[in-house]
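Read off the chains here:
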Amino acid sequence: MSVVDTTPASTAPALTAREEELLARVPDGLFIGGRWEAGSADPIEVSDPATGRVIKRIANARPEDGIRALDAAAEAAEAWAATPPRTRAEILRRAFDLLQERRDDFALLMTLEMGKPLAEANGEVTYGGEFLRWFSEEAVRIGGRFGQNPEGTGTMVVSQRPVGPCYLITPWNFPLAMATRKIAPALAAGCTVVVKPAELTPLTTLLFVQLLTDAGVPAGVVNVVPTSNAGALSEPIIADPRLRKLSFTGSTPVGRRLLAQAGQNVLRTSMELGGNAPFVVFEDADLEKAVEGAMLAKFRNIGQACTAANRFLVHESIAEDFAARVTAKVKALKLGRGTGDGVTIGPLIDDRAVASMGALIGDAVARGARILSGGNAPDGDGYFFEPTVLVDVQPGSDILREEIFGPVLAISTFATEEEALARANETEFGLVGYVFTSDLARGHRMIDRLDTGMMGLNTGLVSNAAAPFGGVKQSGLGREGGAEGIHEYLTTKYTLIPA
Ligand code: ADP
């Protein structure tokens, strides 16, 4: 159904009939209390980053819409918390099953609004879906403790309760998985939610909330409010005493601001913020494996992941060989719209991202780095940037300090393990680290001493719904996924019952 006056496809070039048909089926309203609504008079325009053209217009939530979404979540909270865990589990499981059936729609939609190659979008459907399955399994295993107090004068009962209405803010780079990674554990725990998807990629969340409704999620349990003014919508929601939890995935500067706002009402928070992952290759590494891991850790999602390898630290004795092998692979990557045959690198999300690649490369080169491949934005439509390899990146370069968030692989060298470790830890971030070595003892030393929440030992990809995802230092607070993930949405209650 349509609640916004739209002229979507007419401005877009050459959408296929299949793409038009899918986009027409994506809901375009705000979803509040189980109903689709219209929002403000100025719709959000969602673009295909491969062409820069508008593909759909959707409702734009005003601050008052956000509060009404919270009204709905607060109203539904008690009944949802009282819904048997088995029922909550079965709804999530049905959502998992429906997502498998509708996989092609979700994959294509993510490619259209975000740009990632279709094969990767399919991978995200799998990954994102696993959170539904995993938390459907966790919903019925929310345990507690029971025992005598040490004095022997009473019984101590420790139980877990849903924390209450939650506000979930998601980023644009993984439109489905970042939504399921928050919504599934919240629902499993018995919490109701207001979701604010990123303005750049809200369509996947809208299609997903329709799926949740089809799976049996009751009205008011999940509410979705896309907006072009995230700050104005979020502030009153976060200040409202009915809200009990804020979960955010995005940049560290926005995370800091939200933490300050959350402090006013002493909200529970989960923060998945920026990364600056080191990718350390020792001289004893299996070089072919390291190159494969590098391609995955760097170019997955067009480099737009907080887990993306940001700084390649390679032992000086193998750096030239590593760079040559990586460059050969990078030259074989195919740049294009994510729906194209054999395309492995899609566009960046917007023109700011393209400008940022140029600036980071320019700074690195000015300080002595050399470009082995790529380095430019090709002419033509869309926000493309060539996959790039830089060597001889010098200490002090911006590219070593900032999160690149694009397809630029920056290599510098080290001489000793101590130096590698010191350089790897030289960042305010601490999300993930990748280490390649054949020496198990050295691998363990690096695991112990790298200040990160996650590690990949001889692998370039660590994400898994069954594992706790999250960082230390300014990469964030809390963990998503794994046995830990549901506890972000539960609060502990202790009761003493005297004997
Ligand atoms: P990125 O730079 O990757 O877009 P952001 O941190 O800007 O990361 O965005 C992540 C999410 O945070 C998006 O949903 C965005 O709309 C939202 N956001 C941005 N600014 C604010 C804010 N002031 N208050 C609440 N949410 C915000």
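Structure shown above.
Notes on the structure follow. The structure presented is a predicted model; accordingly, all values stated were derived computationally and were not measured.

1. Looking at the site of the ligand
Right, so step 1: Lining the immediate surroundings of the ligand are 15 residues, of which Thr 170, Trp 172, Lys 196, Phe 248 and Ser 251 lie closest.
Right, so step 2: At 2.7 Å from an oxygen atom of the ligand is found a main-chain nitrogen or oxygen belonging to Thr 170.
Right, so step 3: One nitrogen or oxygen atom from the side chain of Trp 172 is found 3.1 Å from an oxygen atom belonging to the ligand.
Right, so step 4: When residues of the shell around the ligand are traced back to their parent elements, those giving at least two are helix H8 (230-239), strand E10 (245-249) and helix H9 (252-264).
Right, so step 5: Tallied by class, the residues present in the shell around the ligand amount to seven nonpolar, six polar and two charged.

2. Thoughts on the sheet that holds strand E12 (residues 277-281)
Strands belonging to one sheet form pairs held by backbone hydrogen bonds; the direction of such a pair is parallel or antiparallel.
Right, so step 1: Strands sit in the order E14-E15-E16-E13-E12-E18-E19 across an open sheet of seven strands; the sheet is mixed. Edge positions in the open sheet fall to strand E14 (370-373) and strand E19 (454-457), since each of these has one partner strand only. Direction aside, the axes of adjacent strands within the sheet are offset by 25° on average.
Right, so step 2: Here E14 pairs with strand E15 (residues 388-391) via three bridges, running antiparallel. When the bridges of E15 are listed, Ser 373 appears paired with Val 389.
Right, so step 3: On top of the sheet, helix H15 (residues 440-449) reaches E12, strand E18 (432-436) and E19; it is set at about 165° to E19, its chief contact.

3. Concerning the nonpolar core
Right, so step 1: Counting residues in each nonpolar core, the largest one holds 120 residues, and the members touching the most others are Val 222, Phe 279, Val 281, Phe 322 and Ile 399.
Right, so step 2: If one sorts the elements of this core by residue count, helix H6 (residues 177-189) sits on top with nine residues.
Right, so step 3: Lining this core are residues from two domains, each supplying at least three of them: domain 1 (15-273 + 476-495) and domain 2 (277-465).
Right, so step 4: Leave out the neighbours within four places in its chain, and Val 281 touches Leu 287, Ala 290, Leu 313, Val 314, His 315, Ile 318, Phe 322, Phe 414 and Phe 436.
Right, so step 5: Grouped together as the second largest cluster of nonpolar side chains are 23 residues, Tyr 167, Leu 258, Ala 262 and Met 271 included.

4. A few points about the packing of helix H2 (residues 63-82) against H8
The axes of two packed helices give the description: the angle between them and the distance between them.
Right, so step 1: Running from amino to carboxyl end, H2 crosses H8 at an angle of 40°, the nearest separation of the two axes being 8 Å. As far as their axial angle goes, H8 and H2 are oblique. You can see that H2 and H8 cross each other, and the crossing is right-handed. When H2 is examined against H8, the residues Pro 63, Gly 66, Ile 67 and Leu 70 are found in contact with a partner set consisting of Ala 232, Leu 233, Pro 236 and Ile 237.

Conventions we followed
- Residues numbered from 1 in each chain as written.
- Predicted model: local features only at pLDDT ≥ 70, side-chain atom pairs only at ≥ 80, totals over all residues.
- Heavy atoms only, no water.
- Near = heavy atom within 4 Å.
- Polar contact = N/O pair within 3.5 Å; in protein donor to acceptor, adjacent residues only side chain to side chain.
- Helix = DSSP H or I, 4+ residues; strand = E, 2+ residues; numbered from the N terminus.
- Nonpolar A, V, L, I, M, F, W, Y, C, P; charged D, E, K, R; others polar.
- Pairing = 2+ DSSP bridges.
- Axes fitted to C-alpha atoms, helices over the stretch in contact; angles between N-to-C directions.
- Contact = heavy atoms within 4.5 Å.
- Core = buried A, V, L, I, M, F, W, Y, C linked by side-chain atoms within 4.5 Å.
- Buried < 20%, exposed > 50% of the residue type's maximum accessible area, 1.4 Å probe, protein only.
- Domains from an automatic or database assignment.
- Parallel < 35°, antiparallel > 145°, perpendicular 65-115°, else oblique.
- Left-handed = near helix turned anticlockwise from the far one by under 90°.

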